[in-house]
Amino acid sequence: MNAASPQTSMSDEPLTHANKDESSHDDSSAETSPTQLSHIARMACLGGGHGLFATLRAARTLSDDVSAIVTVADDGGSSGRLRKEFNSIPPGDLRMALAALAADDPEGRLWESVLQHRFGGRGALAGHAVGNLIIQGLIDVMGDEVEALAEVAKLMRIRGRVLPMSPEPLDIEAEVAGLEDDPRVVSPVRGQVAVATTPGQVRRVKLIPENPPSSAAVIDAIMNADVVTLGPGSWFSSVVPHILVPDVVKALQETQAHKVVVVNLVAEPGETPGFTVERHLHMLQQHCQDLSLDTVIVDEHSVTGTRERMHLSRAAANFGAELTIGDVRHDDEQGRWLSTHSPRKLARVLSEVYSAAQEQKSVRRTK
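Given the structure is predicted, the values throughout are model-derived calculations rather than measurements. (Residues numbered from 1 in each chain as written. Predicted model: local features only at pLDDT ≥ 70, side-chain atom pairs only at ≥ 80, totals over all residues. Heavy atoms only, no water.)

Time to look at the pairing of strand E2 (residues 43-47). Most of E2 is tucked away, with five of its five residues classed as buried. On E2, burial covers both faces: Met43, Cys45 and Gly47 on one face and Ala44 and Leu46 on the other are all buried. After leaving E2, the chain enters helix H1 (residues 49-59) and then returns to the sheet as strand E3 (residues 66-70), a path that is right-handed. Across four bridges, the pairing between E2 and strand E8 (residues 227-230) is parallel. Bridged to leucine 46 within E8 is leucine 230. (Buried < 20%, exposed > 50% of the residue type's maximum accessible area, 1.4 Å probe, protein only. Helix = DSSP H or I, 4+ residues; strand = E, 2+ residues; numbered from the N terminus. Right-handed = clockwise from strand over helix to strand, strands pointing away. Pairing = 2+ DSSP bridges.)

As a further point, take the nonpolar core. In this structure, Leu56, Leu98, Ile243, Leu284 and Val296 are the most contacted members of the largest nonpolar core, which totals 99 residues. If near-sequence neighbours (up to four positions away) are discounted, valine 296 is found in contact with Val261, Val263, Leu281, Ala316, Ala321, Glu322, Leu323 and Thr324. (Core = buried A, V, L, I, M, F, W, Y, C linked by side-chain atoms within 4.5 Å. Contact = heavy atoms within 4.5 Å.)

It is worth spelling out the sheet that holds strand E6 (residues 186-190) at this point. The strand order across the open sheet formed by three strands is E6-E5-E7, and the pairing between neighbours is antiparallel. The open sheet terminates on both sides in strands that have one partner only, identified here as E6 and strand E7 (201-208). Within the sheet, the average angular offset between the axes of one strand and its neighbour, ignoring direction, is 25°. Sheet topology note: the strand E5 (residues 171-177)/E6 ladder contains five bridges and is antiparallel. Note on E6: the bridge partner recorded for valine 176 is serine 187. (Axes fitted to C-alpha atoms, helices over the stretch in contact; angles between N-to-C directions.)

Once that is clear, we can look at the packing of aromatic side chains. Counting across every chain of the model gives one aromatic pair. When the centroid spacing of 6.0 Å and the interplanar angle of 80° are considered together, the rings of phenylalanine 236 and phenylalanine 275 count as edge-to-face. With phenylalanine 236 in helix H9 (residues 235-239) and phenylalanine 275 in the loop between strand E9 (258-262) and helix H11 (277-287), the pair connects residues that are 39 residues apart, well separated along the chain. Given the relative accessible area of 0%, phenylalanine 236 is considered buried. Residue classification places phenylalanine 275 among the buried positions, given a relative accessible area of 7%. Seen from the ring of phenylalanine 275, arginine 279 lies directly overhead, with NZ or CZ sitting 4.7 Å from the centre. (Phe/Tyr/Trp six-rings, centres within 6.5 Å; stacked < 30°, edge-to-face > 60°. Lys NZ or Arg CZ within 6 Å of the ring centre and 35° of its normal.)

Within the span of helix H4 (residues 106-116), buried status applies to Gly108, Glu112 and Leu115. For H4, the buried positions fall inside an angular range of 65° around the axis, keeping them on one side. Turned more than 90 degrees from where H4 packs its buried face, Pro106 and Leu110 sit exposed. (Arc of directions from axis to C-beta.)

Another point: the pattern of salt bridges. Pairing is possible between side chains of opposite charge, provided their charged atoms come close. Summed over the entire model, instances satisfying the criterion amount to 18 salt bridges. Here arginine 57 ties to glutamate 112 by a salt bridge, and the two come within 2.9 Å at their closest N and O atoms. Here arginine 57, found in helix H1, pairs with glutamate 112, found in helix H4; they are 55 residues apart in sequence, far enough to count as distant. For the pair arginine 57 and glutamate 112, one class covers both residues: buried. Because the salt bridges share partners, they merge into one network encompassing Glu173, Arg190, Lys206 and Glu210. (Salt bridge = Lys/Arg side-chain N within 4 Å of Asp/Glu carboxyl O.)

Our next topic: the environment of valine 186. Tracing the backbone through its elements, the reader meets valine 186 in strand E6. Linking valine 186 and leucine 291, residues 105 residues apart in sequence, is a C-alpha distance of 26 Å.

With that out of the way, let us pick up unusual backbone geometry. Backbone geometry follows two general trends: most residues other than glycine have a negative phi, and most peptide bonds adopt the trans configuration. In this chain, isoleucine 208 is followed by proline 209 through a cis amide linkage whose omega measures -5°. Looking at the element boundaries, proline 209 is found in the loop between E7 and helix H8 (216-224). A cis amide bond links glycine 231 to the next residue, proline 232, at an omega of 0°. When you line up the elements, proline 232 lands in the loop between E8 and H9. Phi angles above zero are rare outside glycine, and arginine 157 is one such case at about 55°. Examined against the element boundaries, arginine 157 turns out to sit in the loop between helix H6 (145-155) and strand E4 (160-164). For arginine 157, a relative accessible area of 36% translates into the label partly exposed.

Structural data, given as structure tokens:
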């Protein structure tokens, strides 16, 4: 792990392409030439939803072996319906991770579109994503979630794998203030959708059941990785849950990988309204005081001045990490900032962070 040191700053030239949503074919198809990016042998990316999608799109340009480790607490929409009917892990975030890692060629893009396609109409299939049904069908036939996801990965020619954070479906329960007349009263709110949309302020979350198991595949992916990323994403429902799984925390403590947290660009309505970048980091530490990191990546547009940079450096140092401030935000062809990460820009910053870490190791070996 790197000792805390003064922050570094990285920037990228403005994008000139039209923006698309993180979950579509965005600027990752217009990436910097691979010869200009560091190759990372193995990466493990922890998260869920659209935030993990962006990280995986960045990772697939840097590595030929990417493990996506995905939260399994979704209880809404198509995933929630399948979870309730089959008492299985919700497939939605797993589907999105598979789509993010699909081969970047016409066949891969076709399969990505198929997995992400949702049925319309008013019948029994309305609202279901095709990929969710494929994953659930394979789980039923094969009897194993990891093997089922591996089969879909083969179909999509993914260089890596997608793994559920835990082999059992989980619930999120939050302690929420501001739901009663007395603002000091904290009320429990259970369920990912309910937590994400609460009008109160989330103070803390836990998983139900508490201390859930992980799997050997997840632990191996973290232990064998050269780089492990956590975030961005819905902070309490996609990011924090990973550090509430004891096996995952132990692996993060023991791995020799370079550990990176990518902080959200903006506060998210429902889960983190009014959160500063620094408060995102404080919440991580509040939920896992033993968490150690090497790098914290913050978008340069999220930091307003020298004083805030100083506070963020201190917050990163609490994890034993360096603060890296770089340009990782999407902007459209007119230069307008959007509230999503750019896979192309994030790949560049991750590449530079990894290269710097390797150089530091090389210097230490020669001394």
